[in-house]
Amino acid sequence: MNMMSKSLLVSNVLPDEALRLIPREISVDYNGTQTALPKTELMARLRGKDGLICHIISAIDDEVLAAAPTVKVIANVAVGYNNIDIAAARRRGVVVTNTPDVLTETTADFAWTLLMATARRVVEADRFTRSGQWHRWQWDLLWGADVYGKTLGIMGFGRIGRAVARRALGFNMRVVYQDAVAADAAVERELRASRMDLEGVLREADFVSLHTPLLPETRHLMNERSLRLMKKSAILVNAARGPVVDEAALVRALEEGWIAGAGLDVFEEEPTIHPGLLPMTNVVLAPHIASASFDTRLAMATLAVRNCLAVLEGKPPLTPVP
Ligand code: GLV
C-alpha cells in the first residue's frame, strides 16, 4: 500500500529504535516529551491523522475520537487500555491495540519486588542503614514477614497473574486466585493454584496481589469490606491500576491495622498519592514502573509502532485489544 499520504501522531516520547521503524514516507507529528498534551491540543494535532501512538497518560474519549474521524488506529503503549473509550472507538471503526505479552514477566517480577520489599522491609532497612542509626547488631531489628511456604492470593488470573503465580512455585507457596473465568485444570495443576471466590481468597491469603484490568466491575474491588476480610498480617500488592483499590479505605486499613502492609506501584489519581500513605513505614511506594525494564519498555514501544503500521498498511494488527 502507498504510505505516501499517511500521517501519524506520536503523542509522547518513544525510543528512537521504535521510531526508526516508521517508514520515511509516513509523516510523523512527534511530541517527544513526557507531558500529556492538553485535550484541545491533542484533538487539534490528531485532526487529519491516520493513526495515533499514545501512552496511558492520554485520555482518548469519544470527543477526541469525534475530532479525528480520519484516525484508523490507536496504538496504546501499555497492556492496560482504560485510558481509551473502547466502545466509542469500536463504534467509529477505530482499531485499538495494546502491548500484551512483552511486559508480562517484567511486570510479574515487579509485583514480586513489591511483595518482597514490603514483607522484608527493604526500604525501611535501606533508610535505616544509610541514616547512621546502625550502631550495633540488634536482635530485634526490622523483623518482617515470611514469604516461603505462605499463601499467595491473586486477583485476576490472566497473563500477569499467572506469571506471578509461577514465581510462587519457587517459594513453595499455595496459590489461590479469583477470576471470572477458571483456568484450565492443567494450568491450575502446573501452578498449584486453586480458584476461589473473592472472599475465600481474601480470607486465606497472606499476600494479595492485584492483576485485574480496570473495569467498572473491578473499580474499588479492594474497598473497606474486602480489606476487612483480609488477614491482619496480610500484605496487599497493586501493580495493576490504582482505582482497583479504594485508596482512602486502604489508608484506614493500614492505620487501623486491618492489614499489615502494602506495596503499591499505582494510585487512584496518579501522580497524586493519598497523603496518608506517605509517612507510613509499612508501605512501599513506586511511581508506576512495573514494566520499566530497558528491554521491556523498548519491546512495548516497538510493538505499538508495529501495530500502528500494520493497520495503516491494511493488515490485521498484531495485538488488538480483545
Ligand atoms: C502499564 O501500566 C500498562 O498497562 O502496560
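Quick caveat: nothing in here was measured; it's all calculated off a predicted structure.

Caption draft 1: Inspection of the pattern of salt bridges at higher detail. A full pass over the atoms with the stated rule returns 22 salt bridges. Residues joined by salt bridges that share partners form a network here, namely Asp-29, Glu-41, Arg-45 and Lys-49.

Caption draft 2: How the structure looks around the sheet that holds strand E7 (residues 174-178). Sheet architecture is open: seven strands sit in the order E8-E7-E6-E9-E10-E11-E12, paired in parallel fashion. Because the sheet does not close on itself, it has two edges, and the strands there are strand E8 (193-195) and strand E12 (283-285). Here the strands of the sheet are splayed against their neighbours by 15° on average, with no regard to which way each runs. In terms of strand pairing, E7 meets E8 through three bridges, oriented parallel.

Caption draft 3: Region of interest: the site of the ligand. Neighbouring the ligand are Ala-78, Val-79, Gly-80, Leu-103, Arg-241, His-288 and Met-300. Note that an oxygen atom of the ligand is positioned 2.8 Å from one of the backbone N or O atoms of Gly-80. When the ligand sits alone it has 190 Å² of accessible area, and the protein chains cover 89% of it. Residue composition of the shell around the ligand, grouped by class: four nonpolar, two polar and one charged.

Caption draft 4: A look at the pairing of strand E4 (residues 73-76). Where burial is concerned, the two faces of E4 agree: the one with Val-73 and Ala-75 and the one with Ile-74 and Asn-76 are both buried. Relative to E4, strand E3 (residues 51-54) runs parallel, the two sharing four bridges. Residue pairing across strands places Leu-52 opposite Ile-74, the latter belonging to E4. Across three bridges, E4 lies against strand E5 (residues 95-97) in parallel orientation. Paired with Val-73 across the two strands is Val-95, which belongs to E5. One crossover worth recording links E4 to the parallel E5 by way of helix H4 (residues 86-91), and it is right-handed.

Caption draft 5: Geometry of the sheet that holds strand E2 (residues 27-30). The strand order across the open sheet built from five strands is E2-E1-E3-E4-E5, with neighbouring strands paired in parallel fashion. With partners counted over all chains shown, the strands left at the sheet margins are E2 and E5, one partner each. Looking at each pair of strands side by side, their axes are set apart by 15° on average, direction ignored. Of the pairings in the sheet, the one linking strand E1 (residues 7-10) to E2 comprises four bridges and is parallel in character. Each residue of the ladder has a partner; that of Val-10, found in E2, is Tyr-30.

Cut-offs used in this document
- Residues numbered from 1 in each chain as written.
- Predicted model: local features only at pLDDT ≥ 70, side-chain atom pairs only at ≥ 80, totals over all residues.
- Heavy atoms only, no water.
- Salt bridge = Lys/Arg side-chain N within 4 Å of Asp/Glu carboxyl O.
- Pairing = 2+ DSSP bridges.
- Helix = DSSP H or I, 4+ residues; strand = E, 2+ residues; numbered from the N terminus.
- Axes fitted to C-alpha atoms, helices over the stretch in contact; angles between N-to-C directions.
- Near = heavy atom within 4 Å.
- Polar contact = N/O pair within 3.5 Å; in protein donor to acceptor, adjacent residues only side chain to side chain.
- Areas by Shrake-Rupley, 256 points an atom, 1.4 Å probe, with all protein chains shown as cover.
- Nonpolar A, V, L, I, M, F, W, Y, C, P; charged D, E, K, R; others polar.
- Buried < 20%, exposed > 50% of the residue type's maximum accessible area, 1.4 Å probe, protein only.
- Right-handed = clockwise from strand over helix to strand, strands pointing away.

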